[in-house]
Amino acid sequence: MVSEFDWDKNIRKDYIGFSREWLARGVDLLNNTSSLFLWTNTEFIGHLKDLYVSLGFYHKATLVWHKTNPTPQVRKRNYLSAIETALWAVKNSSFFAFNFLNQNEMHNFYEGGICQGNERFKHPAQKPEWIVNKGLLVHSNTNSLILDPFLGSGTTAYCAKKLGRKCIGIEVEEKYCEIAAKRCSQSVMRLE
């Protein structure tokens, strides 16, 4: 018997309906220069793209993260899940934040490890700080307001604070809210 996390079972039942609902509600919260950055499984790319385009967003890019240290397969009945995709869309096709770093940094292919050691919290879909930092540096500016409707362990809020951005995070699981609050209450040193 293959077990799934509870959140996986519930969301997968009607992932597209669920996504349609939160995207439709969230579109009005974003200003005209906002970007939408969605991490998703490759199987949902086309569905999500169709959804946000129907809500008036413009698709800009699909990014792939190759996890150099994917979670091992205990049962060895499938391929290692070594990639994750992100969709980038904008509300206004002419005005949006995009801070081009340098040629070597701006590939739509990210390569690096998943969270380990002190960075790892008990959340099944936690993103590493390095990838969140990169997304925030490219797609926002100092003092920008970041909305993360799936805050999880608080990586987005923690990184936003570290980079001089403001963040509103939404999380339905109380145990993850507590982890995120603890992370964000820690002081963040500014390196200059």
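Now for a quick tour of the structure. (Residues numbered from 1 in each chain as written. Predicted model: local features only at pLDDT ≥ 70, side-chain atom pairs only at ≥ 80, totals over all residues. Heavy atoms only, no water.)

Taken in spatial order, the four strands make up an open sheet running β1-β3-β2-β4, and their pairing is mixed. Looking at strand neighbours, the two that pair on one side only are β1 (35-40) and β4 (109-112), the edges of this open sheet. Geometrically, the sheet is characterised by an average inter-axis angle of 20° between neighbouring strands, direction not taken into account. Of the strand pairs in this sheet, strand β2 (residues 58-67) and β4 are connected by four bridges, and their pairing is parallel. (Pairing = 2+ DSSP bridges. Helix = DSSP H or I, 4+ residues; strand = E, 2+ residues; numbered from the N terminus. Axes fitted to C-alpha atoms, helices over the stretch in contact; angles between N-to-C directions.)

This part is about the state of the cysteines. Put plainly, two cysteines are in a disulfide when a covalent bond ties their sulfur atoms together. Here the structure, examined in full by the defined rule, presents zero disulfides. Here Cys115 stays free of any disulfide, with the sulfur of Cys159 as its closest cysteine sulfur at 9.4 Å. Unpaired in terms of disulfides, Cys184 finds its nearest cysteine sulfur in Cys167, a separation of 7.2 Å. Residue Cys184 is classed as partly exposed on the basis of its relative accessible area of 22%. (Disulfide = S-S within 2.5 Å. Buried < 20%, exposed > 50% of the residue type's maximum accessible area, 1.4 Å probe, protein only.)

The next point concerns a nonpolar patch on the surface. A cluster of nonpolar side chains, Leu29, Leu145, Leu147, Ile168 and Ile170, forms an exposed patch at the surface whose accessible area comes to about 470 Å². Following the sequence through the fold, Leu145 ends up in strand β5 (residues 145-148). For Leu145, a relative accessible area of 55% translates into the label exposed. (Patch = residues over 30% accessible without salt bridge, like charges linked within 9 Å, V, L, I, M, F, W, Y side chains within 5 Å. Areas by Shrake-Rupley, 256 points an atom, 1.4 Å probe, with all protein chains shown as cover. Salt bridge = Lys/Arg side-chain N within 4 Å of Asp/Glu carboxyl O.)

To continue, consider helix α3 (residues 45-54). The set of residues buried in α3 consists of Ile45, Leu48, Leu51 and Tyr52. Down the axis of α3, the sector holding all buried residues measures 135°, keeping them to one side. Of the exposed residues in α3, those oriented more than 90 degrees away from the buried face are Asp50 and Ser54. If you follow the buried residues of α3, they end up packed against α2 (15-27), β1, β2 and β3 (83-90). Positive phi appears at Gly56, one or two residues downstream of α3, with a value of about 100°. (Arc of directions from axis to C-beta. Contact = heavy atoms within 4.5 Å.)

Right, let's get into the packing of helix α5 (residues 155-162) against helix α6 (residues 174-185). Look at α5 against α6: their axes get within 9 Å of each other, and the N-to-C directions meet at 15°. Between α5 and α6, the interaxial angle falls into the category roughly parallel. As for the relative orientation of α5 and α6, their crossing is right-handed in sense. Within the contact between the two elements, α5 uses Thr155, Ala157, Tyr158 and Lys161 and α6 uses Arg183, Cys184 and Ser185. (Parallel < 35°, antiparallel > 145°, perpendicular 65-115°, else oblique. Left-handed = near helix turned anticlockwise from the far one by under 90°.)

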